[in-house]
Structure formats: structure tokens, C-alpha cells
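Residue-level listing of the chains:
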Amino acid sequence: MKLWIVTGGCGFIGSNFIRYMIQTGSVRIVNLDKLTYAGNLDSLADVSKHPNYVFIKGDIGDRALVTSLLKKYRPDGIINFAAESHVDRSIDRPDDFIHTNILGTFELLEAIRSYWSELDIKDNFRFLHVSTDEVYGSLGNEGYFTENTPYAPNSPYSASKAAADHLVRAYHKTYNLPTLTTKCSNNYGPFQFPEKLIPLIILNALDHKLLPIYGDGQNIRNWLYVLEHCEAIKIVIERGQLGETYNVGGKQEKSNLEVVNNVCELLDEMSPRVDGRSYRQQIAFVKDRPGHDRRYGIDYSKIKTQLGWESQETFESGLRKTVQWYLDNREWCQRVIDGSYQRQRHGLT
Ligand code: NAD
Ligand code: TDX
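Reading guide: rules and limits
- Residues numbered from 1 in each chain as written.
- Chains lettered and ligands numbered in written order.
- Predicted model: local features only at pLDDT ≥ 70, side-chain atom pairs only at ≥ 80, totals over all residues.
- Helix = DSSP H or I, 4+ residues; strand = E, 2+ residues; numbered from the N terminus.
- Buried ≥ 20, exposed ≤ 12 C-beta atoms within 10 Å, placed from the backbone.
- Contact = placed C-beta atoms within 7 Å.
- Near = placed C-beta within 6 Å.
- Nonpolar A, V, L, I, M, F, W, Y, C, P; charged D, E, K, R; others polar.
- Axes fitted to C-alpha atoms, helices over the stretch in contact; angles between N-to-C directions.
- Parallel < 35°, antiparallel > 145°, perpendicular 65-115°, else oblique.
- Left-handed = near helix turned anticlockwise from the far one by under 90°.

A. Region of the structure containing the overall build of the protein. Along the protein, the regular secondary structure elements total eleven helices and twelve strands. Across its three principal directions, the C-alpha atoms of the protein cover 70 × 50 × 40 Å. Burial status across the protein gives 42% buried among its 349 residues. Here the analysis covers contacts within the protein between residues at least 6 apart in sequence; of these, 82% occur between residues at least 24 apart.

B. Highlighting the site of ligand 2. Of all residues adjacent to ligand 2, which total 16 residues, the nearest are Ser85, Thr132, Lys196, Leu197 and Tyr214. Of all the secondary-structure elements, those providing two or more residues to the shell around ligand 2 are α6 (197-206) and β8 (211-214). Residue contributions to the shell around ligand 2 peak at three residues, all from β8. Of the residues assigned to the shell around ligand 2, the class counts are six nonpolar, six polar and four charged.

C. Quick look at the packing of α6 against helix α8 (residues 256-270). The geometry of α6 relative to α8 is characterised by a closest axis approach of 10 Å and an angle of 40° between their N-to-C directions. Accordingly, the angle class assigned to the pair α6 and α8 is oblique. Viewed along their axes, α6 and α8 form a crossing whose handedness is right-handed. For the pair α6 and α8, the contacting residues are Leu197, Ile198, Ile201, Ile202 and Ala205 in the first and Asn256, Val259, Val260, Val263, Cys264 and Leu267 in the second. Of the residues belonging to the contact of α6 with α8, the class tally is ten nonpolar, one polar and no charged.

And the structure:
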């Protein structure tokens, strides 16, 4: 059976990916996660005792630790999800983004470079770096990001991801490291931290709080249900061509106002307010995000034609499943809201 090291596996996408892969029964997973505020052991409670799963608390920027894990587990692949991921936090305080997304990726690459150079049989090892369409910057009303679109990051977050992408590319070109990069659009689904738009709106609505929409609400994002991103990552690490980048995205572009209205409509149906009024009345237009990218639109024809992956989920069905998940998992939400999910990392619960 193959063994993969997954970094950042206690976050939103990483935890969904680990559950998805463990369920296939085809791979053993070692999850290396620093447990920042975004890392939540609750999100993997159901797989934590699985014989094919190991958790290691640690930093991708700790070269000695990563080297020791590589020597111990001799992985067939590494998937790097670990990152600081929230644009607003990067605007308030970019430091951690530079540290983890740039320096952390560099240390990880250096550890992998030494491991790989000493492997007798090199053909079976692959490193997949998970990146974002935000590195391409912002679009107007027309056009789409392709893999050849020039980099034009606009936030400290996207600039730090762009820097990491360049390092990964350089390690392939210079050292022939067997790398792959995916650039995905906005994910949504279960276990997303409620600082991101969709879970924030769901939980604020249920808590009778305002639903903040930045600027005029006409910024557009391309939305992909998280399990489809997981599926794409599995296909790329297994069958992608080394040194290549693959855009990954959904079929639906939505303005933020449309997204918030859609969430309100679903909640009105699935968990109506006691006064019978729509959750829409909680919407509040607030100050815009500085440097707010206007539109992301993704051309994913390369992964479709070369690897046969394409999104199947509609935004309507994916959003319904997501709202249902947050309604059904109030304890997970409550432990995030009151901070008790963080007690586990200190061994307190
Ligand atoms: P997240 O913030 O939910 O999770 C990040 C995880 O990484 C957390 O578990 C955190 O503890 C861990 N981590 C942070 N710094 C670390 C370090 N130095 N060492 C080890 N672990 C560390 O993020 P996410 O939304 O799951 O995103 C995962 C990856 O996918 C990121 O690289 C992000 O840039 C990328 N991405 C996200 C989206 C999206 O919509 N969420 C879209 C495209 C790409
Ligand atoms: O309260 C809010 N109100 C609002 O209008 C929040 C949190 C967001 N927004 C807007 C800003 C964006 O236009 O909604 C849109 C989505 O915002 P986020 O959920 O913060 O996502 P975004 O900035 O688009 O970035 C996300 O997708 C790409 C992830 O956080 C990144 O990690 C990923 O790379």
C-alpha cells in the first residue's frame, strides 16, 4: 500500500482530503500539521484511530522534523496543503503568511530535495503543491485564468502563495524534483472555518448576527465543492505530468451578494427564523476589503482534456449539502465559536 505525507491535514481541505483517501483504503496517510488556529483535530475525529492514519504535530518549516519523517516513513508522495489561507488576516498581519507560505515551503522543498536525491528508485515519488487561482490576480467581466495567465497577486496572501509556486517551479526546473502544482478556485463544504464567506454567513445568520458583505457585493468568485477538489488532487498526484500546473475549478461563477442570498433562502427553508422573516434582513453592506479582487474565473480545460476530471456538482446542490452539514454539526461549530476546539492541542481535552 502507498504512503503519502499530507501537510496541513487538520484544515478545511486537508481534513476532507484525508477522510476521502482513507475511505478508499488504498493509501496510508501521515498528517503533519502545526495546529494553528485553522487546524482542528475535531475535523478528523472519525479517522483519528484508523490503522492507516498517523498524526504528527509539527511545522513544515522545521527541516529537521520533516527530514526525520521522510527517513522514517519513506513516502511515495507528499501533498502540501499547509498554509495561512485567509486573505483578511494577511491584510491585517502578513507575517505568518510570509513565514509559512514562503519560508515554510522553502524548508519543505529542501528536506524533500535531499530525501529524493538519495532515493535509489526515484520514479515512484511525487510532490504536489496545492495553490490557488488568486495568484493570477483579478479579472474584468471577460476572460478566464488559464495555466499561462501571468502572475499578478494582489494581497499578501496571494503574493505569498505565488512566491511558493515559483519555488516549486524552480525546484523542478533546477533540480528535476518531481513536482506538480494545482491552482484551485474558492472551495466550500463541510469543516470550513467560519472566517470564510459561506460558513461565516451560515453561522452569523443562525446566531442572529449581521451578514457582512464587502463593498457592493458584486465581486465574483468561482465556487467548487470541496470533495471535488479532493478528487482532482488525487487524480493529479496519481496521473499528472511532472512539472505541470493544473487549474481546478467549478462551473459556477457567483457574485457574493448572490451567494449570501442563496444561503439565506436555504436557511429560510431548512431552519426558519422564529419570527418567520427572511434571514436576508440581517444583510449589511460594510467597508470593502483593501485590494479586493473583482472577479475570478477559471479555465479548467487542461485537467479535463488531459486527465479526465471535471466538476459535476451544481452550486445549488453543493450549497444545500453544506448548509445541511452546518445545521447537523452544531457541536463542531460551537467548539470553534467558543474556542474549545483549541484545547485539544494543549492536551486539555
Ligand atoms: P486552512 O486554513 O483551513 O488550513 C490550513 C492548515 O494548515 C491548518 O490545519 C493549519 O494548522 C496548517 N498549517 C498552517 N501553517 C502550518 C505550518 N507552518 N506547518 C504545518 N501546518 C500548518 O486552509 P484550507 O482552506 O484548507 O486550504 C488548504 C490549502 O489550499 C492552502 O494551501 C490554500 O492556499 C489552498 N487553497 C485553498 C482554497 C480555499 O478556497 N480554501 C482554494 C484554493 C487553494
Ligand atoms: O465577511 C465577508 N464578507 C464578504 O463580502 C467575507 C469573509 C468575505 N467576503 C467576500 C470577499 C470575497 O470576495 O466574499 C468573497 C469570498 O471571501 P473569502 O471566503 O475570504 O475567500 P477569498 O478571499 O475569495 O479566498 C478564498 O478562496 C481562494 C480562500 O480563503 C483562499 O484560501 C483561496 O486561495
